[in-house]
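Below, each chain spelled out in residue letters.
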Amino acid sequence: MKKTTLHNIRRKIYAPRTFLPNDRSEISDGPFRSIRHTSPVSINWHITSECSTDCKYCYLGRRKTKLLPFSRIQSLINEMSELDVFSIDLLGGDVLLYHNLVELLDMISECNFLPINLSTKSFLSKEKALQLKKFSNIIWELQFSIDTDDDQIAEYLVGIPDYTQRIFSSISNAIEVGLRVAAKSVITPYNVFTIPRLYRKLKNIGVSEIRLAAYSRSGFHHSDDLFLNDNCYKWLEEKVGE
Ligand code: SF4
């Protein structure tokens, strides 16, 4: 039987124009009126560029930016709620480092938006984990980024020492207080051979879901040596299948 791989899954291709009305007036007056939303269903909100690492593959053009005053953020959230926005996705940088995070989560909770996922690469102390646990009605999952269990490789990839130890402790703290924890690994030729071992360790300590993503080109810090080559893919496919 032919093995199913990403390359031979049959794809159906849709032409985007099929879904568009012929005339723009149809959107406001015609049959599309009732199915078009007049406001966004969800908002992706880049809330901070702050972050505790310096990843080789960073996708973000990080620079010091002036943040909106929290009073403005409050009024924007109220506005979103009035417009019936369903969900707000908080993005960074590292959202856990946003200085008004607790107040922000309070507001999101009060306005009954859908639960969110938070993603981080920073250390999570037991105290902070307990603080987040109070928002388990709106935090569906906390995702930690960890690319390897090898400290030297981690330091090379994320630019700071003792990273793996810090993230493993953070994961334990989060799990201990009862948060749902996921992990994400960006795979490059530098860490690929540690991925199966990392996967098993994360599973053993109770991480609910582990997401693996091959390095892809980003606009700001691209380097060709981070792309996986055919040998890496072949090796990984064999090992993950074991
Ligand atoms: S990719 Fe790394 S360095 Fe870039 S924002 Fe995310 S955590 Fe920070």
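Reference entry: report on the structure contained in this document. (Residues numbered from 1 in each chain as written. Predicted model: local features only at pLDDT ≥ 70, side-chain atom pairs only at ≥ 80, totals over all residues. Heavy atoms only, no water.)

Read from one edge to the other, the open sheet built from 4 strands follows the order E3-E4-E5-E6, with strand pairing classed as parallel. Edge strands, defined here as strands with exactly one partner in the open sheet, are strand E3 (116–120) and strand E6 (209–214). Strand-to-strand twist in this sheet, taken as the mean axis angle between neighbours without regard to direction, amounts to 25°. Relative to strand E4 (residues 139–145), E3 is paired through 5 bridges, and the arrangement is parallel. For Ile116, the partnering residue across the bridge sits in E4 and is Ile139. (Pairing = 2+ DSSP bridges. Helix = DSSP H or I, 4+ residues; strand = E, 2+ residues; numbered from the N terminus. Axes fitted to C-alpha atoms, helices over the stretch in contact; angles between N-to-C directions.)

Attention now goes to the environment of Leu202. Its place among the elements puts Leu202 in helix H7 (residues 195–204). Put simply, Leu202 and Ile146 are 56 residues apart on the chain and 9.8 Å apart in space, counted from C-alpha to C-alpha. In contact with Leu202, other than residues within four places in its own chain, are Ile146, Phe168, Ile171, Ala183, Val207 and Ile210. (Contact = heavy atoms within 4.5 Å.)

You can see Lys121 is positioned in the loop between E3 and helix H4 (126–133). An unpaired buried charge is present at Lys121: no salt bridge exists, and Asp147, the closest side chain of opposite charge, is 4.6 Å distant. Reaching out from Lys121, the side chain makes a polar contact with the side chain of Tyr57 at a distance of 2.8 Å. Apart from residues no more than four positions distant in its own chain, Lys121 is found in contact with Ser52, Thr53, Cys55, Tyr57, Asp94, Ser145, Val158, Tyr163 and Ile167. (Buried < 20%, exposed > 50% of the residue type's maximum accessible area, 1.4 Å probe, protein only. Lys, Arg positive; Asp, Glu negative; His and termini not counted. Salt bridge = Lys/Arg side-chain N within 4 Å of Asp/Glu carboxyl O. Polar contact = N/O pair within 3.5 Å; in protein donor to acceptor, adjacent residues only side chain to side chain.)

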